[in-house]
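Report on the structure
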Amino acid sequence: MAKAKLASWNRAKGFGFLSLNGESKQLFVHISSFADKKLDPEKLVGHWFNYTLAKDKQGRPCAKQLRLIGSKPAFSTKPNGLAKRAGMAALAFFVLLLSLVLLQKLPLALLVFYVVMSVVTFALYALDKSAAQAGRWRVQELKLHVFALIGGWPGAMFAQQTLRHKTQKQSFRWGYYCTVLLNIAALAYLLSPNGEPTLLDINQALSSLLP
């Protein structure tokens, strides 16, 4: 097997380039070519890999069977402390919702809606990561934000933690945090005296949709 350094990586498109022996010539590498699927290539730019020279479907040279040389960096496979706290925050939110339902402050239909939307949002994150690794069409970031905004943000938090997906792009992260804040603000309004009529309307609408 040959040896080369990972020179660049495009997370959105799921591919990058190896620098061959420090020369200007670069070799294409796809996300699916890494032997260890848990590695995050974007965090490994500048690290050395063993690889096998191959050709893609168009006959162009590319790298296959990439294996990281040396020990894995701690950040490549383990979620950081922020991700762990995010998962705990999502779990705490569901506990809070359940408590409000038991105290008859919120309808059960709203809790069920949050659970359903979180599952759907988690599935969208999983689909997007799978598409990124396989080089297929991705799920639009706007769609991920919309589902987070309408109640799926806890599922998005779990997805970011467990799938290690959408945790590096700062513009996406800030957009996601805005959906969380707007969602919580809307929930706080519904719990206020001014929001009671709206909450009743939402309860009736959700009760008609959910079995």
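My aim in this report is to walk through the structure given alongside it, one point at a time. (Residues numbered from 1 in each chain as written. Predicted model: local features only at pLDDT ≥ 70, side-chain atom pairs only at ≥ 80, totals over all residues. Heavy atoms only, no water.)

1. As for the side chain of Asn 183
Within the element layout of this structure, Asn 183 appears in helix 4 (residues 170-191). Residue classification places Asn 183 among the buried positions, given a relative accessible area of 5%. Reaching out from Asn 183, the side chain makes a polar contact with the side chain of Tyr 114 at a distance of 2.7 Å. Only 3.2 Å separates the side chain of Asn 183 from the side chain of Trp 153, close enough to count as a polar contact. (Helix = DSSP H or I, 4+ residues; strand = E, 2+ residues; numbered from the N terminus. Buried < 20%, exposed > 50% of the residue type's maximum accessible area, 1.4 Å probe, protein only. Polar contact = N/O pair within 3.5 Å; in protein donor to acceptor, adjacent residues only side chain to side chain.)

2. Notes on the nonpolar core
Nonpolar side chains in soluble globular proteins tend to end up buried together. The biggest cluster of nonpolar side chains holds 28 residues, and the ones touching the most others in it are Leu 97, Leu 106, Tyr 114, Tyr 125, Trp 153 and Tyr 176. Contributions of two or more residues to this core are made by helix 1 (81-102), helix 2 (108-134), helix 3 (141-163), helix 4 and helix 5 (196-209). Here this core takes seven residues from helix 3, the largest share from any one element. The contact partners of Leu 97, leaving out residues within four places of it in the chain, are Leu 106, Leu 111, Tyr 114 and Leu 187. With 16 residues, the next largest nonpolar core counts Ala 4, Leu 20, Leu 39 and Leu 44 among its residues. (Core = buried A, V, L, I, M, F, W, Y, C linked by side-chain atoms within 4.5 Å. Contact = heavy atoms within 4.5 Å.)

3. Here's the deal with the pattern of salt bridges
Tallying each qualifying case throughout the model produces four salt bridges. Ionic pairing is found between Asp 56 and Arg 60, a salt bridge with its closest N-O pair at 2.9 Å. For Asp 56, a relative accessible area of 23% gives the class partly exposed. With a relative accessible area of 49%, Arg 60 lands in the partly exposed category. Across the salt bridge formed by Arg 138 and Asp 128, the nearest N and O atoms sit 2.7 Å from each other. Of this pair, Arg 138 sits in the loop between helix 2 and helix 3 while Asp 128 sits in helix 2, and the two are ten residues apart along the sequence. Assessed through its relative accessible area of 23%, Arg 138 is described here as partly exposed. Each member of the salt-bridge network shares a partner with another, and the members are Arg 11, Asp 40 and Glu 42. (Salt bridge = Lys/Arg side-chain N within 4 Å of Asp/Glu carboxyl O.)

4. Describing helix 3
Under the 1.5 Å per step criterion, the end-to-end length of helix 3 is only 16 Å for 23 residues, more than 12% shorter than the ideal 33 Å. In the structure, helix 3 departs most strongly from a straight axis at Gly 152, where the bend amounts to approximately 120° and where the proline Pro 154 lies between one and four residues downstream. A positive phi of about 55° marks Arg 164, the residue just after helix 3. (Expected span 1.5 Å × (residues − 1). Bend = angle between axes of the 7 residues up to and from the residue.)

5. Some details on the environment of Gly 175
With respect to the secondary-structure elements, Gly 175 resides in helix 4. On the accessibility criterion, Gly 175 (21% relative accessible area) is partly exposed. Measuring from C-alpha to C-alpha, the distance between Gly 175 and His 145 comes to 7.2 Å, with 30 residues separating the pair along the chain.

6. A look at the packing of aromatic side chains
Applying the stated criterion across every chain, the model contains eleven aromatic pairs. Relative to Phe 94, the ring of Phe 93 has its centre 6.2 Å away and its plane inclined at 65°; by these criteria the two rings are edge-to-face. Summarising the burial analysis for this pair, Phe 93 and Phe 94 share the class buried. With a centroid separation of 6.4 Å and 70° between ring planes, the pair formed by Tyr 125 and Phe 172 is classed as edge-to-face. With Tyr 125 in helix 2 and Phe 172 in helix 4, this pair connects stretches of sequence that are 47 residues apart. Using a relative accessible area of 1% as the deciding quantity, one classes Phe 172 as buried. Through a chain of ring-to-ring contacts, the aromatic side chains of Phe 93, Phe 94, Tyr 114 and Trp 153 assemble into a single cluster. (Phe/Tyr/Trp six-rings, centres within 6.5 Å; stacked < 30°, edge-to-face > 60°.)

7. A short note on the sheet that holds strand 5 (residues 61-68)
Pairing is mixed in the closed barrel, where five strands are placed in the order 1-2-3-5-4. Each strand axis lies, on average, 55° off the axis of its neighbour in the sheet, ignoring direction. Across five bridges, the pairing between strand 2 (residues 15-19) and strand 3 (residues 26-30) is antiparallel. Following the sheet pairing, Leu 18 is matched in strand 3 by Leu 27. (Pairing = 2+ DSSP bridges. Axes fitted to C-alpha atoms, helices over the stretch in contact; angles between N-to-C directions.)

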